[in-house]
Amino acid sequence: MKYFPLILAGLLRKKTRTLLTLLSVVAAFALFGLLDAVRVAFNAPDNVAGIDRLIVASRFSIIQPLPYADYNRIRLLPGVKEVAYANWFGGVYQDPKNFFANMAVSAKSFLDTHPELVMPAAQKAAFLKTRTGAIVGQTLADRFGWKIGDKIPLKATIFPKKDGSNLWTFDLVGIYHTAQPELRGLEQQMFFHYDYFDEARQFGQGTVGWYIVKIADPAHADQMAQTIDHLFANSSNETKTESERQFQLSFAKQIGDIGLIVSAIMGAVFFTLVLLTGNTMAQAFRDRIPELAVMKTLGFSNGAVLRIVLAESVLVLLIGGAGGLVAARTILPVIAAASGGQFDLPMTDRTWLLGLLLMLLIGILVGLPPAWRAMRLKIVDALAGR
Amino acid sequence: MTALVEIRGVSKVYERGAQKVEVLHHVDLDIEEGDFLALMGPSGSGKTTLLNMIAGIDTPTDGTLSVAGRRIDNLSATALARWRAAHVGYIFQFYNLLPMLSAQKNVELPLLLTRLSAAQRRRNAGIALQLVGLADRVSHKPGELSGGQQQRVAIARAIVADPTLLVCDEPTGDLDRQSAEEVLGLLQKLNRQYGKTMIMVTHDPKAAEYAKRVLHLDKGTLVETASA
């Protein structure tokens, strides 16, 4: 501890260089914090305890449809209050870059199971009675300037119509909003009638993408999920019942192995960080060779000099790394709020611990070569500039 | 009476690639406690090498070197570092203060290797700075001090742990005449009033006049002895 002023003095010798190094460490660990939260979210085991709404999808893949016939079997299970169903449509509005989620849903049961979608009773009634009707979230309506009565053409990317056309036109009859800010992400979606969709599509009739099951007692969610999956076990359409959050993550996983992608990015980031800080530490050591020789002349042992140089490197990583993780911790709720709760990623104790280990490891890794050289420094040669 | 520093048959050979250069050749020398010795000689004569060996920052190739009755030529690197911390105050030509530390903190550096508390370190450093006439410059950094003042801070750093020996390598080599005389006067005061044993390497005959004894080295051999 009494060497701390010396360690600090070493770091403050070139303030700009230290600041830039610190910023690169902050950036790397902020990225680590964010990406590790993503990785944790994607790798976390699903826990449906306490949830009153479950998603039932194919056990094998979420793009594998389930037969409509399952609807009644699920609905008749004791403890099930309501069952809705939905099918991903994937339509494009004008340009592929205008992406938003659009789905065919069982209109009435869907609204019944999703009380968080709030809209005027007249619009709700209009939706239920208009076969080509669609409802959109307020955010989505604002984005494209849509208003009630507009016709919204979507170009199908998966489901052409029976007549071979890819153009589906919907009548906008309702604009919903969500009461809770954390659900604002739901306002970026569009829902329309499954009946209309199923009748008009060229293939896949009689199947649905997934079921949404509202249960009577959230305390028995776990048991309910097992009961549903057990019901379809050993059938040609085995199911996997999970929370909505996990279902959304499964949807995103279609891109690829998110964990592997995240790990690869983090690996590249830290590899670059090691090179960058390693180079800076080596440069800092070269600049300070005479000072280190003076310290040795004064009686600082080889081991003490090694520890001081190593501590500088570890300190940079600890300060920058902690700053980065705090930044990530600050950014994550902002992302969650901006996405309306769709990307509510947790930053766990494990991330902090892993971050701390990485700080120490990288600090030692980049600090050890200059520290080793400092330890082996020959006073006479160093003072003579050899 | 036993000399404080006893050098017997000391040689030093440097290897530069395949070439071997003998810098010191069988040097015998005694330095009494309280002496103020000036080592003079042309460049490459081996005076700084001899000084460095007395200070324990270099080791002889051959011969023995004892300080206060203890052989230091065969100590391990760690033991030698510990010995330096307790027994040697080194004053460099170019002051070699740590630029980011204040005068106070620079002077405290050798005390970090002792068991003194932070308050004691601060107090001792203050006393040392007072002794060299820089009590009003404790918070100044080296860059804010003149060359003469920096060298006085370096002297304070050298004496703060009350070492057995003060070794000075061209202490006035980077100073103007007035500053040089101030520094030399200070060294002389430390020798005469406080009984500090001093060994000083210098090119400057005027600087050597402040010493009690002057030795000349030429091609690694002591060639002449003069007493002030």
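The structure this text deals with has already been given above.
This report concerns the structure included in the present document.

Turning our attention to the overall build of chain A. When its secondary structure is counted, chain A shows 14 helices and 12 strands. Against the 2.2 N^0.38 benchmark of 21 Å for 386 residues, chain A shows a C-alpha radius of gyration of 29 Å, more extended than a compact globule. In terms of its C-alpha atoms, chain A occupies a principal-axis envelope of roughly 90 × 45 × 35 Å. Of all 386 residues assigned to chain A, the portion counted as buried reaches 36%. Taking contacts inside chain A between residues at least 6 apart in sequence as the whole, the part at least 24 apart equals 83%.

Take the overall build of chain B next. Helices and strands together make up the secondary structure of chain B, namely 7 helices and 10 strands. Taking 17 Å as the expected radius of gyration for a compact globule of 228 residues, we find that chain B reaches 17 Å, a close match to that expectation. Seen through its C-alpha atoms, chain B measures out along the principal axes to roughly 45 × 45 × 40 Å. A burial count over chain B gives 50% of its 228 residues as buried. Long-range pairs, those at least 24 residues apart, make up 68% of the contacts in chain B between residues at least 6 apart in sequence.

Let's shift gears to the nonpolar core. Core analysis: the largest hydrophobic core is formed by 119 residues, its most contacted members being Leu37, Leu39, Ala156, Val167 and Ile199 of chain B. Sequence-distant contacts of Val167 of chain B, that is, excluding residues within four places in its chain, are made with Leu51, Ile54, Ala55, Val88, Tyr90 and Ile199 of chain B. Counting residues in hydrophobic clusters, the runner-up holds 48 residues, among them Leu66, Ile175, Ala221 and Ile228 of chain A.

Residue and element names in this part refer to chain A. Bridge count for strand β5 (residues 117–118) against strand β8 (residues 167–178) is 2 bridges, and the pairing is antiparallel. In the sheet register, Leu117 faces β8, and the bridge partner there is Thr178. The sheet contact formed by strand β6 (residues 133–137) and β8 spans 5 bridges and is parallel. The partner of Gly137 across the bridge, within β8, is Tyr176.

Moving on: the environment of Ser58 of chain A. Residues and elements named next belong to chain A. Looking at where Ser58 falls in the secondary structure, it is placed in strand β1 (residues 53–58). Its 17 C-beta neighbours within 10 Å are what place Ser58 among the partly exposed residues. Along the chain, Ser58 and Arg307 lie 249 residues apart, while their C-alpha atoms are 58 Å from each other. Among residues more than four places away in sequence, those in contact with Ser58 are Gln64, Leu66, Asn237, Thr239 and Lys240.

Counting residues at the interface gives 18 residues for chain A and 20 residues for chain B. Elements that contribute at least two residues to the side of chain A that touches chain B include exactly α1 (4–12), α11 (289–298) and α14 (379–383) of chain A. Per-element tally for the side of chain A that touches chain B: the top contributor is α11 of chain A, with 6 residues. Per-class residue counts for the side of chain A that touches chain B are 10 nonpolar, 4 polar and 4 charged.

This part is about unusual backbone geometry. Residues and elements named next belong to chain B. Unlike most non-glycine residues, His26 shows phi in positive territory, near 45°. The residue Asp162 is not glycine, and still its phi comes out positive at about 50°. Note on placement: Asp162 falls in the loop between α5 (147–159) and β7 (165–169). Overall, the presence of 13 C-beta atoms within 10 Å leaves Asp162 in the partly exposed class.

Here we take up α5 of chain B. Residues and elements named next belong to chain B. With 13 residues, α5 extends 19 Å from end C-alpha to end C-alpha; this agrees with the ideal 18 Å at 1.5 Å per step. Where burial is concerned, most of α5 is hidden: 12 out of the 13 residues are buried. Structurally, α5 contributes buried residues whose contacts are with β6 (88–91), α3 (103–108), α4 (118–131), β7 and α6 (177–194).

Another point: the packing of helix α10 (residues 258–287) of chain A against helix α13 (residues 349–376) of chain A. Two measures define how a pair of helices packs: the angle their axes make with one another and the distance between the axes. Residue and element names in this part refer to chain A. Axis separation between α10 and α13 bottoms out at 9 Å; the angle between their running directions is 30°. The orientation of α10 with respect to α13, classified from their angle, is roughly parallel. In the packing of α10 onto α13, the handedness of the crossing is right-handed. In contact with Phe270, Leu273, Val274, Thr277, Gly278, Met281, Ala282 and Phe285 of α10, α13 contributes Leu358, Ile362, Leu365, Val366, Gly367, Pro369, Pro370, Arg373 and Ala374. Looking at the contact of α10 with α13 residue by residue, the classes come out as 13 nonpolar, 3 polar and 1 charged.

A separate point is the sheet that holds strand β1 (residues 5–16) of chain B. Residues and elements named next belong to chain B. Pairing within the open sheet is antiparallel, and its 4 strands lie in the order β2-β1-β4-β5. Strands at the two margins of the open sheet, each flanked by one partner only, are β2 (19–31) and β5 (70–71). Sheet topology places β1 next to strand β4 (residues 62–67); 5 bridges connect them, and they run antiparallel. Bridge pairing links Ile7 to Leu65 in β4.

What counts as what
Residues numbered from 1 in each chain as written. Chains lettered and ligands numbered in written order. Predicted model: local features only at pLDDT ≥ 70, side-chain atom pairs only at ≥ 80, totals over all residues. Helix = DSSP H or I, 4+ residues; strand = E, 2+ residues; numbered from the N terminus. Rg over C-alpha atoms; globule rule 2.2 N^0.38 Å. Buried ≥ 20, exposed ≤ 12 C-beta atoms within 10 Å, placed from the backbone. Contact = placed C-beta atoms within 7 Å. Core = buried A, V, L, I, M, F, W, Y, C linked by C-beta atoms within 7 Å. Pairing = 2+ DSSP bridges. Nonpolar A, V, L, I, M, F, W, Y, C, P; charged D, E, K, R; others polar. Expected span 1.5 Å × (residues − 1). Axes fitted to C-alpha atoms, helices over the stretch in contact; angles between N-to-C directions. Parallel < 35°, antiparallel > 145°, perpendicular 65-115°, else oblique. Left-handed = near helix turned anticlockwise from the far one by under 90°.

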